[in-house]
Amino acid sequence: MRNVIYKKTSRSDINIVNKQDINRYTLALPRSDISLESLNIQHEHPNVYLVANQTKALKMLYYDRVDLVNNNDIGLSGSIKALGLKRSDFTIVYVINNIELGIATHKDTRVELLEMMRHAFDTVKQNGQFELIVKKWFPERISPQAATQIAGPITAAPDNHSQTTIEPLSL
């Protein structure tokens, strides 16, 4: 999943080459969002407007109240749907980072629970639900067939030396 800066597609005047360029534009961010940290932006930054959530940030962008928003692929899709907008109205102007998704459990998770999770994941892959989930949430990133082939099973039981067990889905 990508953490990116979006602009309105109609804004050809916005060009961002590095993170510092973001400071030249107005940006709407949710108050408690991790993006303040990942962008190294202070709450009192003069070009940052703090809002309640990502949907409100996107609404500000859509109505030209700000120049940019920071979101991820899934968050943007949800906000677009909630506002009844089109994906084509928004364009990625800068990629902050790529985030690998996975499943994590506590080191003391019962082996029986891990077996149930393995079984549930295998079932979802076999019955076609996994393909539907990938298609819904990652339409531009990977085909459902490829995701089904590369998504690894939940294989590792917790050991006594680690804090958590992390199994990447490799989407």
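About the criteria used
- Residues numbered from 1 in each chain as written.
- Predicted model: local features only at pLDDT ≥ 70, side-chain atom pairs only at ≥ 80, totals over all residues.
- Heavy atoms only, no water.
- Core = buried A, V, L, I, M, F, W, Y, C linked by side-chain atoms within 4.5 Å.
- Buried < 20%, exposed > 50% of the residue type's maximum accessible area, 1.4 Å probe, protein only.
- Helix = DSSP H or I, 4+ residues; strand = E, 2+ residues; numbered from the N terminus.
- Contact = heavy atoms within 4.5 Å.
- Phe/Tyr/Trp six-rings, centres within 6.5 Å; stacked < 30°, edge-to-face > 60°.
- Lys NZ or Arg CZ within 6 Å of the ring centre and 35° of its normal.
- pLDDT = per-residue confidence, 0-100.
- Axes fitted to C-alpha atoms, helices over the stretch in contact; angles between N-to-C directions.
- Parallel < 35°, antiparallel > 145°, perpendicular 65-115°, else oblique.
- Left-handed = near helix turned anticlockwise from the far one by under 90°.
- Salt bridge = Lys/Arg side-chain N within 4 Å of Asp/Glu carboxyl O.

## A closer look at the nonpolar core
In this structure, Ile5, Ile16, Ile22, Leu27, Leu39 and Leu68 are the most contacted members of the largest nonpolar core, which totals 15 residues. Counting only elements with at least two residues in this core, the list comes to β2 (27-30) and β5 (90-98). The element contributing the most residues to this core is β5, with 3 residues. Beyond its immediate sequence surroundings of up to four residues, Ile22 is in contact with Ile5, Ile16, Leu27, Leu39, Leu68, Tyr94 and Ile96. If you look at the next biggest cluster of nonpolar residues, it comprises 14 residues, including Tyr6, Ala28, Val51 and Leu58.

## Some remarks on the packing of aromatic side chains
Taken as a whole and judged by the stated rule, the model has 3 aromatic pairs. Ring geometry for Tyr62 versus Tyr63: centroids 5.1 Å apart, planes at 85°, classification edge-to-face. Aromatic side chains Tyr62 and Phe90 sit 6.3 Å apart centroid to centroid with 55° between the ring planes, which places their arrangement in the tilted category. Placement of the pair is Tyr62 in helix α2 (residues 54-62) and Phe90 in strand β5, with a sequence separation of 28 residues. Classification of Tyr62 by relative accessible area gives partly exposed; the value is 27%. When the ring centre of Tyr62 is taken as reference, the NZ or CZ atom of Lys8 above it lies at 5.2 Å.

## What about the confidence of the model for the protein chain?
Per-chain confidence: the protein chain averages 79 in pLDDT, with 77% of residues scoring 70 or above. Predicted confidence in the protein chain is weakest over strand β7 (residues 164-168), with a mean pLDDT of 39, and strongest over α2, with 96. Every residue in residues 142-171 is under pLDDT 50, and counting partners more than four places away or in other chains gives 69 contacts.

## A word on the packing of α2 against helix α3 (residues 73-83)
Across the interface, α2 lies against α3 with an axial gap of 9 Å and an inter-helix angle of 70°. Between α2 and α3, the interaxial angle falls into the category roughly perpendicular. Along this stretch, α2 crosses α3, giving a crossing that reads as right-handed. Of α3, the residues touching α2 (which contributes Gln54, Thr55, Leu58 and Lys59) are Leu76, Ser79, Ile80, Ala82 and Leu83.

## A short note on the pattern of salt bridges
All told, the structure shown has 6 salt bridges when counted by the stated rule. Where Arg2 meets Asp73, a salt bridge forms, and the shortest distance between an N and an O atom there is 3.2 Å. Residue Arg2 is found in strand β1 (residues 2-8), and its partner Asp73 is found in helix α3; the two are separated by 71 residues along the sequence. Look at Arg2 and you get buried, because its relative accessible area is 15%. Here Arg11 makes a salt bridge to Asp67, at a shortest N to O gap of 2.9 Å. You can see Arg11 sitting in the loop between β1 and β2 and its partner Asp67 sitting in the loop between α2 and β4 (68-72), a full 56 residues away along the chain. Each of the salt bridges in this network shares a partner with another, and the network as a whole consists of Arg11, Asp13 and Asp67.

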